[in-house]
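A closer look at the structure
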Amino acid sequence: MAALLCLLLGLAGAIHAREGAPDFPVLSVSVLQFGTAHWELDHIRHRGLDRAHGYQLVLQPVANLPASRLAVTSGSVNGAVADLLWAQSRFEAGAPYLYVPFSSQIGDIVVAESSSVRSVADLANKRIGVAGGPDSKGWILLKKVAQQQGIDLETSANIQFAAPPLLSQALKRGQVDVIVTYWHFAARLRGEGGWRSAFGMAELLTELKLDRNLPVLGYVFPAAWAREHRSLIDGFAASLAEAKAELAAGERPWQRLRSLMGNPGEGVFAALREGFVAGNPAPQTDQRIADLQRLMTLTGADPDNLMPASLFYRRQP
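Counting restarts for each chain: residues are numbered from 1 in the order of the written sequence. With the structure being a predicted model, the display of local features is reserved for residues of pLDDT at least 70 and the display and counting of side-chain atom pairs for 80 or more, all residues being used for whole-chain, interface and lining totals. To obtain the side-chain values, all non-hydrogen atoms of the structure were used and water was disregarded.

Quick look at the overall build of the protein chain now. Runs of E in the DSSP output that reach at least two residues are strands. Runs of H or I that reach at least four are helices, and both are numbered from the N terminus. A tally of regular secondary structure across the protein chain gives 15 helices and ten strands. The C-alpha extent of the protein chain, read off along each of the three principal axes, is 85 × 45 × 30 Å. Each residue gets one of three labels from its accessible area relative to the maximum for its type: buried under 20%, exposed over 50%, partly exposed in between, using a 1.4 Å probe on protein chains only. Looking at the protein chain as a whole, 48% of its 317 residues qualify as buried. Each accessible area is a Shrake-Rupley estimate made with a 1.4 Å probe; only the visible protein chains count as cover when residues are assessed. Here the protein chain has roughly 14700 Å² of accessible surface; of this, 53% comes from carbon and sulfur atoms. His is not counted, nor are the chain ends; Lys and Arg add positive charge and Asp and Glu add negative charge. Note on charges: their place is set at NZ of Lys, CZ of Arg, CG of Asp or CD of Glu. Averaging the locations of the 30 positively and 29 negatively charged side chains of the protein chain gives two centres separated by 3 Å.

This is how it looks when you write it as structure tokens:
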């Protein structure tokens, strides 16, 4: 009887504790299981930064990008990570999304340490591997800058399109001279040693007279839903800023994330950490939003039907 009484009292206490706990609204986000966004989102949950800003972050890991996009377009989650061009394509299709900055990392151009390639002009007559296909932002920007210099890379170079892991292997085997790839694949190559950046993507933006720190990746939320849940979006953005600051402050929080990064060796681990932090976007301004719109135009968007400034999230003062 005494044991039963203790059990009942314990259950009553637990129920009372739950009833007295804050009722946090849930924000669900689809995330690639081994994607770079997972690192900061996991940090938010681990540190309780979501609850500190008045909401509960729920993650839905998926295996690939199409699954993540399907999750947000179907409404099974509130948000997902997408690039600027995807958000623009949805706007053109009549399904606008609010765009919350995630990263300014466009990608990288990688060659062997011994390569003679150090500028756009050096790419003529080279074998170039491109990740993401013909519509890849990095490839489009590279072609635009080359055209300004009188170089048509599609006719003067041998172009091959493939998935990033295959391109990394092709570079190692000497099947291509240079690859235009996603930043984290480039970081892994540099961290292994023997490979370097031929030149930075930021230099291409400068050549095109664009801001070097444009958030080309973002968290996207259906615009109508975001308007109805503005305080929830504000809390999410505030926790993102706090997480980015903590991850930029030192190595310690990264050690816990190492398994999510694939347990890399020291060189790769350092390169991934530094690359992620380097991609932390600057606060949105009128000029950066105008440059994002110009970037969309440069990469094929209809200049008369661009995402308006109201769809680019700005931190609250």
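Okay, back to it.
Multiply 1.5 Å by the residue count of a helix minus one, and that product is the helix's expected span. When the terminal C-alpha atoms of helix 12 (residues 230-249) are compared, their 29 Å separation across 20 residues agrees well with the 28 Å that a helix rising 1.5 Å per residue should span. Here helix 12 has its buried residues at Leu232, Ile233, Gly235, Phe236, Ala237, Ser239, Leu240, Ala243, Lys244 and Leu247.

Bringing empty space enclosed by the protein into the picture now. Residues are said to line a cavity or pocket when one of their atoms sits within 4 Å of a point; the points come from a 1 Å grid over protein atoms alone, cavities being sets where a 1.4 Å probe fits but cannot get out and pockets being open sets with protein on both sides within 12 Å along at least five of seven lines. Grid points are joined across faces, edges and corners, and a volume is the space filled by probe spheres set on the points. For the structure on display, the rule yields three cavities of 30 Å³ or more. Taken as a whole, the largest cavity holds about 150 Å³ of empty space. Along the wall of the largest cavity there are 13 residues; nearest its centre are Val100, Pro101, Ala237, Pro281 and Arg315. A per-element tally of the lining of the largest cavity places helix 12 first, with four residues. The class makeup of the residues in the lining of the largest cavity is nine nonpolar, one polar and three charged. The wall of the second largest cavity is formed by Thr36, Phe102, Ser103, Trp183, Leu217, Phe276, Gly279 and Asn280. Taken together, the residues of the lining of the second largest cavity sort by class into four nonpolar, four polar and no charged. We call Asp, Glu, Lys and Arg charged. Ala, Val, Leu, Ile, Met, Phe, Trp, Tyr, Cys and Pro are nonpolar, and the rest, Gly among them, are polar.

Considering only enclosed or pocket space, the second largest pocket measures out at about 310 Å³ in volume. For the second largest pocket, the lining is made up of 16 residues, of which Gln105, Gly107, Gly200, Met201 and Ala202 are closest to its centre. Counting residues per element, the ones that place at least two in the lining of the second largest pocket are helix 9 (183-192) and helix 10 (201-207). The leading source of residues in the lining of the second largest pocket is helix 10, at three residues. Residues that form the lining of the second largest pocket fall into these classes: six nonpolar, seven polar and three charged. By convention here, the domain bounds are inherited from an automatic or database domain assignment. When residues of the lining of the second largest pocket are assigned to domains, at least three fall in each of domain 1 (26-104 + 214-311) and domain 2 (107-208).

A few words now on the domain arrangement of the protein chain. Segmenting the protein chain into domains produces domain 1 (26-104 + 214-311) and domain 2 (107-208). Each of domain 1 and domain 2 was reduced to a C-alpha centroid, and the two centroids are 25 Å apart. Once two parts are put together, the accessible area they lose, assessed with a 1.4 Å probe and summed over both, is termed the buried area. Taken over both partners, the interface formed by domain 1 and domain 2 buries close to 1300 Å², and the fraction arising from carbon and sulfur atoms is 72%. It is Val268, Leu272 and Leu298 in domain 1 that bury the most area against domain 2; as a group they hold 32% of the surface buried on that side. Salt bridges are identified by distance alone: a Lys or Arg side-chain nitrogen within 4 Å of an Asp or Glu carboxyl oxygen. The interface formed by domain 1 and domain 2 holds one salt bridge in total. Asp83 is the partner of Lys137 in a salt bridge, and the nearest nitrogen-oxygen pair spans 3.4 Å. N or O atoms within 3.5 Å of each other form a polar contact, as long as, within protein, one can give a hydrogen and the other can take it, and as long as residues adjacent in sequence are counted only when both atoms are side-chain atoms. The interface formed by domain 1 and domain 2 contains three residue pairs in polar contact (both at pLDDT 80 or more). Sorting elements by how many residues they give to the side of domain 1 that touches domain 2 places helix 14 (residues 266-278) first, with six residues.

One recurring pattern in soluble globular proteins is that nonpolar side chains are buried together. With 89 residues, the main nonpolar core has Leu41 and Tyr219 as its most contacted residues. The element best represented in this core is helix 12, accounting for seven residues. Residue-level mapping places this core at the junction of two domains, with at least three residues from each of domain 1 (26-104 + 214-311) and domain 2 (107-208). For the purposes of this section, nonpolar cores are sets of buried Ala, Val, Leu, Ile, Met, Phe, Trp, Tyr and Cys residues that join through side-chain atoms within 4.5 Å.

On to unusual backbone geometry. Although it is not a glycine, Lys209 sits at a positive phi angle of roughly 60 degrees. Summarising the element assignment, Lys209 is placed in the loop between helix 10 and strand 10 (217-222).

Here we come to the sheet that holds strand 8 (residues 178-181). Strand order in the open sheet formed by five strands is 7-6-8-5-9, and the pairing between neighbours is mixed. One side of each edge strand has no neighbouring strand; the edge strands of this open sheet are strand 7 (158-162) and strand 9 (195-199). Geometrically, the sheet is characterised by an average inter-axis angle of 30 degrees between neighbouring strands, direction not taken into account. Strand pairing follows a simple DSSP-based rule, namely that at least 2 bridges must link the two strands. Sheet topology note: the strand 5 (residues 108-112)/strand 8 ladder contains three bridges and is antiparallel. Bridge pairing links Val110 to Ile179 in strand 8. Against the sheet, helix 6 (residues 137-148) touches strand 6 (127-131), strand 7, strand 8 and strand 9, its axis set at about 120 degrees to strand 8. Axis definition: a line fitted to C-alpha atoms, over the contacting stretch in the case of helices. Angles run 0 to 180 degrees between N-to-C directions. Two residues qualify as a contact provided that any one of their heavy atoms is within 4.5 Å of a heavy atom in the partner residue.

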